[in-house]
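# Architecture and fold: a report
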Amino acid sequence: QVQLEESGGGLVQPGGSLRLSCAASGRTFSGSFMGWFRQTPGKEREFVAAISWSGDIPYYADSVKGRFFISRDNAKNTVYLQMNSLKSEDTAVYYCAAATRSYVISLDRRQYGYWGQGTQVTVSS
């Protein structure tokens, strides 16, 4: 059974930082893009960041570029999202995901077939 489990969410003040982790189990995703998405009530789940299977090419949404940094450790089957300079508009449930197909650039949520349960990030003073 494939599982993705996020951790590291919580409440943080504007300007603060959080680091999200996502540990995969049940299979290895070393050949797949891994991504982070976020969702707020009433809105569609949106792309935040993704990283190539080798971990050397990251992609970011314009809204988080320069503030968020994605990385992965294939030996641990884990992907991370370092979030700095957090803003109130970053408040959302953050989801980790693994792309369905290996060795395919995957930046659209429809390309992701494996999802975690989500972790809440709240940015508020």
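Here we summarise the structure given alongside this text. This is a predicted model, so every value here is computed, not measured. (Residues numbered from 1 in each chain as written. Predicted model: local features only at pLDDT ≥ 70, side-chain atom pairs only at ≥ 80, totals over all residues. Heavy atoms only, no water.)

### Notes on the sheet that holds strand β8 (residues 78–83)
Read from one edge of the open sheet, four strands run β1-β3-β8-β7, paired in antiparallel fashion. This sheet does not close on itself; its edge strands, each paired only once, are β1 (3–7) and β7 (68–73). Within the sheet, the average angular offset between the axes of one strand and its neighbour, ignoring direction, is 15°. Where β1 and strand β3 (residues 18–25) come together, five bridges link them in antiparallel fashion. Of the residues in β3, the one forming a bridge with E6 is C22. (Pairing = 2+ DSSP bridges. Helix = DSSP H or I, 4+ residues; strand = E, 2+ residues; numbered from the N terminus. Axes fitted to C-alpha atoms, helices over the stretch in contact; angles between N-to-C directions.)

### Observations concerning the side chain of R38
Mapped onto the fold, R38 is located in strand β4 (residues 34–39). The exposure class assigned to R38 is buried, which follows from its relative accessible area of 7%. Looking at R38, its side chain comes within polar contact range of the side chain of D90, at 3.0 Å. Here Y94 takes part through its side chain, which lies 2.9 Å from a polar atom of the side chain of R38. Ignoring any residue separated from it by four or fewer positions in sequence, one finds R38 in contact with E44, R45, E46, V48, S63, V64, F68, E89, D90, A92, V93 and Y94. (Buried < 20%, exposed > 50% of the residue type's maximum accessible area, 1.4 Å probe, protein only. Polar contact = N/O pair within 3.5 Å; in protein donor to acceptor, adjacent residues only side chain to side chain. Contact = heavy atoms within 4.5 Å.)

### Some points on the packing of aromatic side chains
Scanning the model with the defined rule gives nine aromatic pairs in all. Each ring, one from Y60 and one from F69, has its centre 6.4 Å from the other, and the planes form 75°; the classification is edge-to-face. Residue F69 is classed as partly exposed on the basis of its relative accessible area of 40%. Here the aromatic residues F33, W53, Y59 and Y103 are joined through ring pairs into a cluster of three or more. The ring of Y80 has R19 lying over it, and the distance from NZ or CZ to the ring centre is 4.1 Å. Over the aromatic face of W115 sits the side chain of R45, whose NZ or CZ is 4.9 Å from the ring centroid. (Phe/Tyr/Trp six-rings, centres within 6.5 Å; stacked < 30°, edge-to-face > 60°. Lys NZ or Arg CZ within 6 Å of the ring centre and 35° of its normal.)

### Here's the deal with the nonpolar core
W36, L81, M83 and Y94 are the most contacted members of the largest nonpolar core, which totals 27 residues. For this core, the secondary-structure elements that each account for two or more residues are β3, β4, β5 (46–51), β7, β8, β9 (92–99) and β11 (119–123). Counting six residues, the second-largest nonpolar core is a separate cluster that includes F37, A50, A97 and Y112. (Core = buried A, V, L, I, M, F, W, Y, C linked by side-chain atoms within 4.5 Å.)

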